[in-house]
Amino acid sequence: MSRITDLQKNLFGGTTSNARQFGMISTLVAIVLLFQIWTDGLTLTSGNLIAVVSQYSYILILAIGMLMVIVAGHIDLSVGSVAAFTGIVVAKAMQEYDLPWPLGIALGLLVGAAIGAWQGFWVAYIGVPAFIVTLAGMLLFRGGNQYIGNADTVPVPEGFRKIGAGFLPEVGPDTGYNNLTLLLGVTACAGVLWREWQARQTRREMKADLAPLWVTGIRLAVMFGVIVFATLRFAGGRIGTSLPISGIILIVLVLAYSHYTRNTIGGRHIYAVGGNARAAELSGVKLKRVNFLVMMNMSVLAALAGMIFVARSSASGPQDGLSWELDAIAAVFIGGAAVSGGLGTVSGSIVGGLVMALLNNGLQLEGVGSDMVQIIKGLVLLLAVAFDVYNKSQGRFSVIGALTRPFRRDDPAAPAPPAAPNSDVDKAGIAG
């Protein structure tokens, strides 16, 4: 096997990986480079990258929950209204009842869980399609936001604002960088190295083929380079700024949900339900419980996203959450999820969300009007999905199909839950 073949097969892990599977990552890189040149270097400045994370972290959080909803074969149109409703409830509670802000956050999560339980009950146990339930929820909770807030803005206390507008604090000696952000970067590099070592050990124990060491070295060098670059950018912002707290929350959620969807039985069940609900139920998957928890989880994350937005804005208002559901859905589909369910990854959805965020940010830096920004974003979404559908119909390489495997572990995936022979279920298990 030639070195070029080894590189194509193993650079990003897996036994069938190649550069084409990372089309969306290539698109993201191309967008960054394009706007870096177009804006005379503004795109990759510390201030702009920090602003992008602060401005779009709540959409990326929504994309995590929306990915699970779409994989299970549903859709949630209510997330923007749920976020706005939660924001006004929490803001009112802290303003009128002097509720401490930590309890305000707990209250918001409980509100999100209650809303999710309400919508999940109708979807899972009554059998009303999620599209209808969440369309009703969009109207219901948008009206609830305006009724409780009386269409006014309600400010939130300083402590609460930290989750949306705060940064990692300055500690330790003066290094010219934010030391906690540097420490986080070192930890990330160590985590990548440990994961690579663990993956090779697992494959060795299973007597599976190992990627050549030189390919592993290149892969680690690329990942270390990205981490170091991002760390120095976020740590090198102006005094008082660094990696936003909302970015920390996002990172924790990405790691947690990536592990859950790929490495747990519950995560496998979601893919099995989306691949073929009837076959999954016959194989022992508790269909109603999966659908209930997926809808409930989405509302909890919507509540969290709403609180982060309110904290960053310093107040809750009647226009909060408008069209958030569309941005989250676009991120998931651009990131590789299948419209029919059963396919998609958390990592792919984050990449899709970053494509939309950086596209939006770059156009704004160039002074493009909001009308044209919306038109361009709509065309990007339409063309991305249409191109993939066309390739599928022609039996060619499919970006969406390939993007379900970008950040897969090197070791073979855990087996899917027992199921009746069905290609869709098999496909769903592989996608996790």
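One can find the structure itself at the top, above this paragraph.
Residues numbered from 1 in each chain as written. Predicted model: local features only at pLDDT ≥ 70, side-chain atom pairs only at ≥ 80, totals over all residues. Heavy atoms only, no water.

Peer 1: Can you walk me through the overall build of the protein chain in this structure?
Peer 2: On a plain count of helices and strands, the protein chain comes out with 18 helices and two strands. Buried positions account for 50% of the 432 residues belonging to the protein chain. Here the contacts in the protein chain between residues at least 6 apart in sequence split such that 78% fall between residues at least 24 apart. For the protein chain, the exposed surface amounts to about 19,900 Å²; the carbon and sulfur share of it is 68%. (Helix = DSSP H or I, 4+ residues; strand = E, 2+ residues; numbered from the N terminus. Buried < 20%, exposed > 50% of the residue type's maximum accessible area, 1.4 Å probe, protein only. Contact = heavy atoms within 4.5 Å. Areas by Shrake-Rupley, 256 points an atom, 1.4 Å probe, with all protein chains shown as cover.)

Peer 1: What should I look at first to understand the environment of Ser242 in this one?
Peer 2: Along the chain, the position of Ser242 falls in the loop between helix H9 (213-235) and helix H10 (245-263). Each C-alpha atom of the pair Ser242 and Thr181 lies 7.0 Å from the other, and the pair is 61 residues apart in sequence. Beyond its immediate sequence surroundings of up to four residues, Ser242 is in contact with Ile50, Phe167, Leu168, Asn178, Thr181 and Phe234. Looking at Ser242, its side chain comes within polar contact range of the main-chain oxygen of Leu168, at 3.0 Å. (Polar contact = N/O pair within 3.5 Å; in protein donor to acceptor, adjacent residues only side chain to side chain.)

Peer 1: Which parts of the structure should I look at to understand the nonpolar core?
Peer 2: Most often, soluble globular proteins have nonpolar side chains that are buried together. Leu62, Ile64, Met66, Leu67 and Phe160 are the most contacted members of the largest nonpolar core, which totals 69 residues. The dominant element in this core, judged by the number of residues it contributes, is helix H13 (residues 287-313), at 14 residues. Contacts of Met66, omitting those with residues within four sequence positions, involve Asp76, Val79, Met298, Glu325, Ala328, Ile329 and Val332. Membership of the second largest hydrophobic core comes to 23 residues, among which are Leu44, Val52, Leu168 and Leu358. (Core = buried A, V, L, I, M, F, W, Y, C linked by side-chain atoms within 4.5 Å.)

Peer 1: How should H13 be read in this particular structure?
Peer 2: An α-helix turns once every 3.6 residues. As a result, residues three or four positions apart point the same way. Taking 1.5 Å of rise per residue, the 27 residues of H13 would be expected to cover 39 Å, and the 39 Å separating its terminal C-alpha atoms lies within 8% of that figure. The buried fraction of H13 amounts to 20 of the 27 residues, a majority that puts the element mostly inside the structure. (Expected span 1.5 Å × (residues − 1).)

Peer 1: Got a minute to help me understand the packing of aromatic side chains in this structure?
Peer 2: The way to describe two aromatic rings as a pair is by their centre distance and the angle between their planes. Applying the stated criterion across every chain yields a total of nine aromatic pairs. Both rings, one in Tyr58 and one in Phe309, keep their centres 5.2 Å apart while their planes meet at 70 degrees; by these two values the pair is edge-to-face. Here the residue Tyr58 occupies a position in helix H3 (residues 46-71), and Phe309 occupies one in helix H13, the gap between them amounting to 251 residues. For Phe309, a relative accessible area of 17% puts it in the buried group. By way of ring pairs, the aromatic residues Trp118, Phe121, Trp122, Tyr125 and Phe292 are connected into one cluster. (Phe/Tyr/Trp six-rings, centres within 6.5 Å; stacked < 30°, edge-to-face > 60°.)

Peer 1: How do you make sense of the pattern of salt bridges when you look at a structure like this?
Peer 2: Close approach of charged atoms lets side chains of opposite charge pair. According to the stated counting rule, one finds five salt bridges in the structure shown. Salt-bridge contacts for Glu196 lead to Arg219; the nearest nitrogen and oxygen are separated by 2.6 Å. With Glu196 in helix H8 (residues 179-205) and Arg219 in helix H9, the pair connects residues that are 23 residues apart, well separated along the chain. Taken individually, Glu196 and Arg219 each receive the classification buried, so the pair is uniform in this respect. Close ionic contact of Glu281 with Arg278 constitutes a salt bridge, the shortest N to O distance being 3.6 Å. Taken together, the residues Glu281 and Arg278, both in helix H12 (residues 277-282) and three residues apart, mark about one turn of the helix. (Salt bridge = Lys/Arg side-chain N within 4 Å of Asp/Glu carboxyl O.)

Peer 1: Before we go on, may I ask you to explain the environment of Ile350 in this structure?
Peer 2: With respect to the element layout, Ile350 can be found in helix H15 (residues 346-365). Once residues within four sequence positions are removed from consideration, Ile350 is found in contact with Leu60, Ile64, Leu250 and Val254.

Peer 1: Any chance you could explain the packing of H3 against H13 here in plain terms?
Peer 2: Angle between the axes and distance between the axes: these two values describe a pair of packed helices. Axis separation between H3 and H13 bottoms out at 8 Å; the angle between their running directions is 175 degrees. The orientation of H3 with respect to H13, classified from their angle, is roughly antiparallel. Between H3 and H13, the residues in contact are Ser54, Gln55, Ser57, Tyr58, Ile61, Leu62, Ile64, Gly65, Met66, Met68 and Val69 and Val294, Met295, Asn297, Met298, Leu301, Ala302, Ala305, Ile308, Phe309 and Arg312, respectively. (Axes fitted to C-alpha atoms, helices over the stretch in contact; angles between N-to-C directions. Parallel < 35°, antiparallel > 145°, perpendicular 65-115°, else oblique.)

Peer 1: How should the packing of helix H14 (residues 324-334) against H15 be read in this particular structure?
Peer 2: H15 packs onto H14 with a crossing angle of 120 degrees between their chain directions and a minimal axis gap of 7 Å. When the interaxial angle is binned, H14 and H15 end up oblique. Handedness of the crossing formed by H14 with H15: right-handed. Only Ser349, Gly352, Gly353 and Met356 of H15 make contact with H14, whose side of the interface consists of Ala330, Ala331, Val332 and Ile334. The class makeup of the residues in the contact of H14 with H15 is five nonpolar, three polar and no charged. (Left-handed = near helix turned anticlockwise from the far one by under 90°. Nonpolar A, V, L, I, M, F, W, Y, C, P; charged D, E, K, R; others polar.)

Peer 1: Hey, could you run me through unusual backbone geometry in this one?
Peer 2: Leave glycine aside and you will find that most residues have negative phi; peptide bonds, for their part, are mostly trans. We note that Ala151 has phi near 60 degrees; this positive angle belongs to a residue other than glycine. Here Ala151 shows up in the loop between helix H6 (130-149) and strand S1 (154-155). The class for Ala151 is partly exposed, based on a relative accessible area of 47%. Positive phi, normally seen in glycine, also occurs at Ser323, with a value near 65 degrees. Following the sequence through the fold, Ser323 ends up in the loop between strand S2 (315-316) and H14.

Peer 1: Please explain a nonpolar patch on the surface as it appears in this structure.
Peer 2: A surface patch of nonpolar side chains, about 600 Å² in accessible area, is lined by Trp118, Phe121, Trp122, Tyr125, Ile126 and Leu140. Top contributing element to the nonpolar patch by residue count: helix H5 (residues 101-126), with five residues. Turning to its location among the elements, Tyr125 is positioned in helix H5. Assessed through its relative accessible area of 42%, Tyr125 is described here as partly exposed. (Patch = residues over 30% accessible without salt bridge, like charges linked within 9 Å, V, L, I, M, F, W, Y side chains within 5 Å.)

Peer 1: I keep staring at the side chain of Thr181 and nothing clicks. Help me out?
Peer 2: Considering the arrangement of structural elements, one finds Thr181 in helix H8. Here Thr181 is in contact with Leu168, Thr231, Phe234, Ala235, Ser242 and Leu243, once residues within four sequence places are set aside.

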